[in-house]
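Here is what each chain is made of, one letter per residue.
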Amino acid sequence: MPVDTAVLHRFSLRAPLVATLAGAVLSLSGCAMFGGAKDPVVPVKASPDAGAQTVQASKLQKVLWIFSPYRPDIQQGNFISQEMLTQLKVGQTREQVKFLLGTPLLTDIFHADRWDFPFYLARGDGELTSSRVTVYFKDNKVEKFEGGNLPTEKEYIARIAGPSKVAAKEAPKKEEAGSASIKINK
């Protein structure tokens, strides 16, 4: 069956246009870091007294992330919340510290009396969170620790999963004057 020349003519005009458009989209998808950031997951320098630090992606990076491939959230290290750090006391043993904070990520043979608990979270949208807790020992007991201002567990879960919708639905309702409610337990 012969192919109509009008169809071939239309296809030959559209093919370069489609190829150019596809090339532009592919080149932009490779440039998701365009506009300032050289690496989508640049480590945040966290001093021990600074606590958790968060760096947001720029507006241009957020726009160009539409054209980039999927980037999963990357979590490395030990997440230590403010509640966990308040349970840590001077004079606790190494085993007690391991029970509270987990196994230290960094132990050094040259600094045997120091444990470091770094934490790093790189969200797929370019948001970076970093923190570091350092525990110093003397005679296998906690001498001092540094950690700064850390997020609570609720704040961390809200950062990962978004704000809880269940808590908003279960908020107590105000009762009107003169009304009463009865709760029956089975």
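For the structure, check the block above.
The text that follows walks through the structure, step by step, so that each part is easy to find. (Residues numbered from 1 in each chain as written. Predicted model: local features only at pLDDT ≥ 70, side-chain atom pairs only at ≥ 80, totals over all residues. Heavy atoms only, no water.)

### Quick notes on the packing of aromatic side chains
Under the convention used in this document: Side-chain rings of Phe, Tyr and Trp (the six-membered ring for Trp) are treated as a pair once their centres are within 6.5 Å; stacked means planes under 30 degrees apart, edge-to-face means over 60, and tilted covers the remaining angles. Think of it this way: any DSSP run of H or I at least four residues long counts as a helix, any run of E at least two long counts as a strand, and we number them from the N terminus. We call a residue buried when its accessible area falls under 20% of the maximum for its residue type, exposed when it is over 50%, and partly exposed in between, using a 1.4 Å probe and counting protein chains only.
Under the defined criterion, the tally for this structure stands at five aromatic pairs. Judged by centre distance (4.8 Å) and plane angle (70°), the rings of W115 and F137 are edge-to-face. Placement of W115 in strand β4 (residues 114–122) and of F137 in strand β5 (residues 128–138) is noted, with a sequence separation of 22 residues between them. Neither residue differs from the other here; W115 and F137 are each classed as buried. Measuring from ring centre to ring centre gives 5.8 Å for F119 and Y156, while their planes differ by 75°; the resulting arrangement is edge-to-face. Of the two residues, F119 is situated in strand β4 and Y156 in helix α5 (residues 153–161); the sequence distance between them amounts to 37 residues. On the basis of relative accessible area, F119 is assigned to the buried category, the value being 3%.

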